[in-house]
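# Topology and contacts: notes
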Amino acid sequence: MTPVQPDTAAVCLDVGSTWTKAVLVRADGGLAGFAEHPTTTGDVLAGMDATVRAVSAAGGSAAEPELLACSSAGGGLRLAVVGSDMLSSTEAGHRVACSAGAHVVHVHAGPLEPADVRALRDARPGVVLLLGGSDGDDPAPLLHNAGRLARARIRPPILLAGNSEGRAEALATLLATGRAVVTSENVLPRLGEVVPEPARAALAELYQRHAIGGRGATVAPRFRRLVRVVTPDAVGRGAAELARIRGSKVLLVDVGCATTDVHSVDGTGAVRTVEGDLGVRAAAASVLVEGQAEGVVDPVEADLLAPTVARMASEVAFVPSDAGSAAEDRRIAALASVVAVRRHLRTRADAADGLGLVVLTGGVFRQRASGNGLGSVIATLCADPVLAAALGDVEVVVDADFTVAPAGLLATHGRTDAAEALLRDHLLG
């Protein structure tokens, strides 16, 4: 990244799947203004421009600020699965999607026929996971489905993770018709065994390219000039700055409308998991499902919250205007945080070793009024019976002023002093 002029203010813009948020940061790292606007569909630049105008006006400066932008406008990655039998295909799809930024929207088992291809297209997947038998099985079913996908009007990339006997021929068939294909080792190498890690890693790479969004033909050129950083990278850099300042490992949870990301960062490296089925709007329904599966939501609470999550999923731009709705938002965010951190620690059991700080960030936590009950979110995380031993007496802070992603953008563009000042003044205290 080319460093910006250090003596100018900066608008740090985060284009989310539902809301576009911006803060105006003075050259010395002081926070001068905040604005947000619904992320506009069709032309994402309209919402970006409106947010930049609003936050620049709030700052009241005559000098034009530098624009630093990141994006996760693509939201969670929609995954369709095509396999041999329903039970193993469903299990494999969910295991591969977990922590890779994806959620399963369609599963097909058996030979694809024209009607099945239409149903697959109607599910609007962002990636198709193509499975097909254990290693050593007859490759014919995998090759049949690869042929169907090769001839179909299927635009998304195909993650080919079928049996080893048919994988090379299936790849050649798909490539012959110009399909975008990523290959992986077999997710189902032996009967009753699921090995999701290689395909999950490949899917995480596809999510990284998908998340930035802004791919419309009329939008792409200017969007790509303005937005060169994906939001998880900006947040991860912000977490790295916090680890540097504190001199200890930081666990950061970023709850969004469509995904919940967890970063564990220390001086030696970083680990990130992205949950594409956990969020406070588009993915709210899954929070209840996964919360019950994890035992953090009982059936009574699930029934009470069901109308809330239905509204969240249907009114993704909804902003609570009363204390009750705001409390429900925080409850869903707290549950998403618990499930996401549990999954993260399963992926990397050492993520809690030497932990010195836990940070909760995301638009849902931005403080819009005093006494906003964020302490209840912290209590939910710290009191969780699975996480209590890992978190122990670790300090937990909430990014109520929305500073982590902006600090990451500043640091990415060479403004580490401003990033540190922003974090110290508005997060660390």
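For the structure itself, look to the data block above.
Our subject in this report is the structure included herewith. (Residues numbered from 1 in each chain as written. Predicted model: local features only at pLDDT ≥ 70, side-chain atom pairs only at ≥ 80, totals over all residues. Heavy atoms only, no water.)

Counting secondary structure elements, the protein contains 15 helices and 15 strands. Against the globule reference of 22 Å for 429 residues, the protein gives a C-alpha radius of gyration of 22 Å, in line with a compact fold. The dimensions of the protein, computed from C-alpha atoms along their principal axes, are 65 × 50 × 45 Å. The proportion of buried residues among the 429 residues of the protein is 52%. Sequence separation of at least 24 residues holds for 69% of the intrachain contacts in the protein that already meet a minimum separation of 6. Surface summary for the protein: the accessible area is close to 17,500 Å², and the carbon and sulfur share equals 52%. (Helix = DSSP H or I, 4+ residues; strand = E, 2+ residues; numbered from the N terminus. Rg over C-alpha atoms; globule rule 2.2 N^0.38 Å. Buried < 20%, exposed > 50% of the residue type's maximum accessible area, 1.4 Å probe, protein only. Contact = heavy atoms within 4.5 Å. Areas by Shrake-Rupley, 256 points an atom, 1.4 Å probe, with all protein chains shown as cover.)

Another point: helix 5 (residues 164-176). With 13 residues, helix 5 ought to run about 18 Å at 1.5 Å a step, and its terminal C-alpha atoms sit 19 Å apart, in line with that. Of the positions making up helix 5, those classed as buried are G166, A170 and L174. Lining the buried residues of helix 5 we find strand 7 (127-130), helix 4 (140-151), strand 8 (158-160) and strand 9 (181-183). Put simply, N163 is the residue that caps the front of helix 5, since its side-chain oxygen is 3.1 Å from the backbone nitrogen of E165. G178 sits one or two positions beyond helix 5 and adopts a positive phi of about 80 degrees. (Expected span 1.5 Å × (residues − 1). Polar contact = N/O pair within 3.5 Å; in protein donor to acceptor, adjacent residues only side chain to side chain.)

Here we take up the nonpolar core. Within the largest apolar cluster, 43 residues are counted, with the highest numbers of intra-cluster contacts made by V255, I332, V341, V358, L360, F365 and L381. When contributions to this core are tallied by element, the ones reaching two or more residues are strand 11 (249-255), helix 9 (284-294), helix 10 (299-314), helix 11 (323-347), strand 14 (355-361), helix 12 (374-383) and strand 15 (395-398). By residue number, the principal contributor to this core is helix 11, which donates ten residues. When near neighbours in sequence (up to four residues on either side) are disregarded, V358 contacts L251, L381, L391, V394, E395, V396 and V397. (Core = buried A, V, L, I, M, F, W, Y, C linked by side-chain atoms within 4.5 Å.)

This brings us to the packing of aromatic side chains. For the structure shown, the criterion picks out one aromatic pair. For the ring pair F34 and F402, a centre distance of 6.1 Å and an interplane angle of 75 degrees mean the geometry is edge-to-face. In this pair, F34 is assigned in strand 3 (residues 31-38) and F402 in the loop between strand 15 and helix 14 (404-412), connecting sequence segments 368 residues apart. Note on F402: relative accessible area 4%, which makes it buried. (Phe/Tyr/Trp six-rings, centres within 6.5 Å; stacked < 30°, edge-to-face > 60°.)

You can see L305 is positioned in helix 10. Each C-alpha atom of the pair L305 and A390 lies 28 Å from the other, and the pair is 85 residues apart in sequence.

Spatially, the five strands line up as an open sheet ordered 6-5-7-8-9, and their pairing is parallel. This sheet does not close on itself; its edge strands, each paired only once, are strand 6 (102-109) and strand 9. For this sheet the average axis-to-axis angle between neighbouring strands, irrespective of direction, equals 25 degrees. In the sheet, strand 7 pairs with strand 8 via three bridges, with the strands oriented parallel. Looking across to strand 8, one finds that L130 is bridged to L160. (Pairing = 2+ DSSP bridges. Axes fitted to C-alpha atoms, helices over the stretch in contact; angles between N-to-C directions.)

A word on a negative patch on the surface. A contiguous patch of negative charge, built from D135, D137, D138 and E165, is present on the exposed surface. Structurally, the position occupied by D138 is in the loop between strand 7 and helix 4. (Patch = residues over 30% accessible without salt bridge, like charges linked within 9 Å, V, L, I, M, F, W, Y side chains within 5 Å. Salt bridge = Lys/Arg side-chain N within 4 Å of Asp/Glu carboxyl O. Lys, Arg positive; Asp, Glu negative; His and termini not counted. Charge placed at Lys NZ, Arg CZ, Asp CG, Glu CD.)

Read these as layout, nothing more, since geometry by itself doesn't imply function.
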